[in-house]
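Summary of the model geometry
In case you want the letters, here they are:
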Amino acid sequence: MKCDTCGREVPVVKRVVIRENYDRTLSRAIYNCPDCYQKKAKTQTAGK
């Protein structure tokens, strides 16, 4: 599988959900490797 953020090939990717009530039905899902997922999750929780 390929990370949509950094482009690395990894065995596992995770989908990032930006906000609880954010409607993603019209957007393309973004899948991240564990490193990029952690970075994104930290930036999301820092803004709360």
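Fair warning: this is a prediction, and the values are worked out from it, not measured in the lab.

Turning our attention to the overall build of the protein chain. A tally of regular secondary structure across the protein chain gives one helix and two strands. Helices and strands appear in the protein chain in the N-to-C order β-β-α. Within the protein chain, the proportion of its 48 residues that are buried is 17%. At a minimum sequence separation of 6, the contacts of the protein chain that also span at least 24 residues come to 38%.

A word on the nonpolar core. Counting residues in each nonpolar core, the largest one holds five residues, listed as Cys-3, Val-10, Val-13, Cys-33 and Cys-36. In this view, Cys-33 contacts Cys-3, Cys-6, Arg-8, Val-10, Val-12 and Val-13; residues no more than four positions away in its chain are not counted.

Pairing between side chains of opposite charge can happen when the charged atoms of each approach one another. Under the counting rule described, the total for this entry stands at one salt bridge. Arg-8 is the salt-bridge partner of Asp-35, the closest N and O atoms lying 3.1 Å from each other. Residue Asp-35 is found in helix α1 (residues 34-46), and its partner Arg-8 is found in the segment before β1 (14-15); the two are separated by 27 residues along the sequence. On the basis of relative accessible area, Asp-35 is assigned to the partly exposed category, the value being 44%.

The next point concerns the side chain of Asn-32. Here Asn-32 shows up in strand β2 (residues 31-32). For Asn-32, a relative accessible area of 3% corresponds to the buried category. Apart from residues no more than four positions distant in its own chain, Asn-32 is found in contact with Cys-3, Thr-5, Val-12, Val-13, Lys-14, Val-16 and Tyr-37.

This paragraph deals with the confidence of the model for the protein chain. Mean pLDDT for the protein chain: 83, with 77% of residues reaching 70 or above. Within the protein chain, the lowest mean pLDDT, 84, falls on α1, and the highest, 94, falls on β2.

Cut-off values and rules
- Residues numbered from 1 in each chain as written.
- Predicted model: local features only at pLDDT ≥ 70, side-chain atom pairs only at ≥ 80, totals over all residues.
- Heavy atoms only, no water.
- Helix = DSSP H or I, 4+ residues; strand = E, 2+ residues; numbered from the N terminus.
- Buried < 20%, exposed > 50% of the residue type's maximum accessible area, 1.4 Å probe, protein only.
- Contact = heavy atoms within 4.5 Å.
- Core = buried A, V, L, I, M, F, W, Y, C linked by side-chain atoms within 4.5 Å.
- Salt bridge = Lys/Arg side-chain N within 4 Å of Asp/Glu carboxyl O.
- pLDDT = per-residue confidence, 0-100.

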